[in-house]
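# Survey of secondary and tertiary structure
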Amino acid sequence: MPNHRWLRLIASVLLCLGTDRLGAATNALGENNYSIQVWENDHGLPHDTVLSMAQTRDGYLWVGTFGGLARFDGIRFSIIPEVSHSRIVCLFEDSRRNLWIGTESTGTVILKEGRIVAPPELSAGGIERRLRAACEDASG
């Protein structure tokens, strides 16, 4: 059976970018002016299986995998050691530019001003404390 992990990563990235950018990448002759690059564990990802992605307002692409969290700057991945070896199931940036990180089994942590913060009410571990989805209302 063929391995389609790379196809899932590409599809996720394209969904994050939006279809309007794909249209802009086609020139007047109908030729595509973009390339596809595949990144895997050998290229700096903590794991080849991507579970969640978020692009923050500072331009970084955050990738949650079976093996932890990585920040992508467009050239290379930087692994975030505080959540290494955790399955990252949800990523969400709030209006205060905090990145909410939901792990599969150790609860929820927040990347705030470059530091990992573990709110006691959400990080007490266990599957019942995991962040599965997130949104923010108009009042923040």
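The following refers to the structure shown. (Residues numbered from 1 in each chain as written. Predicted model: local features only at pLDDT ≥ 70, side-chain atom pairs only at ≥ 80, totals over all residues. Heavy atoms only, no water.)

### Structural notes on the packing of aromatic side chains
The geometry of an aromatic ring pair is captured by two quantities: the separation of the ring centres and the angle between the planes. Summed over all chains, the structure comprises three aromatic pairs. Plain terms: the ring middles of W39 and F77 are 6.1 Å apart, the flat faces sit at 80° to each other, and that makes the pair edge-to-face. Placement of W39 in the loop between helix 2 (19–24) and strand 1 (50–55) and of F77 in strand 4 (residues 77–79) is noted, with a sequence separation of 38 residues between them. Among the residues examined, F77 registers a relative accessible area of 13% and is labelled buried. Linked through ring pairs, W39, F72 and F77 together constitute an aromatic cluster. Here the basic side chain of R71 rests over the ring of Y60, its NZ or CZ set 4.1 Å away from the ring centre. A cation over an aromatic ring shows up here: R87 above the ring of F66, its NZ or CZ 3.9 Å from the ring centre. (Phe/Tyr/Trp six-rings, centres within 6.5 Å; stacked < 30°, edge-to-face > 60°. Helix = DSSP H or I, 4+ residues; strand = E, 2+ residues; numbered from the N terminus. Buried < 20%, exposed > 50% of the residue type's maximum accessible area, 1.4 Å probe, protein only. Lys NZ or Arg CZ within 6 Å of the ring centre and 35° of its normal.)

### Focus on the pattern of salt bridges
Opposite charge on two side chains permits them to pair, given that their charged atoms come into close proximity. In total, this model carries three salt bridges according to the counting rule given. Note that E104 is salt-bridged to R87, the shortest N-O span being 3.7 Å. Of this pair, E104 sits in the loop between strand 6 (99–103) and strand 7 (108–112) while R87 is found in the loop between strand 4 and strand 5 (88–93), placing the two residues 17 residues apart along the sequence. Judged by its relative accessible area of 35%, R87 falls in the partly exposed class. (Salt bridge = Lys/Arg side-chain N within 4 Å of Asp/Glu carboxyl O.)

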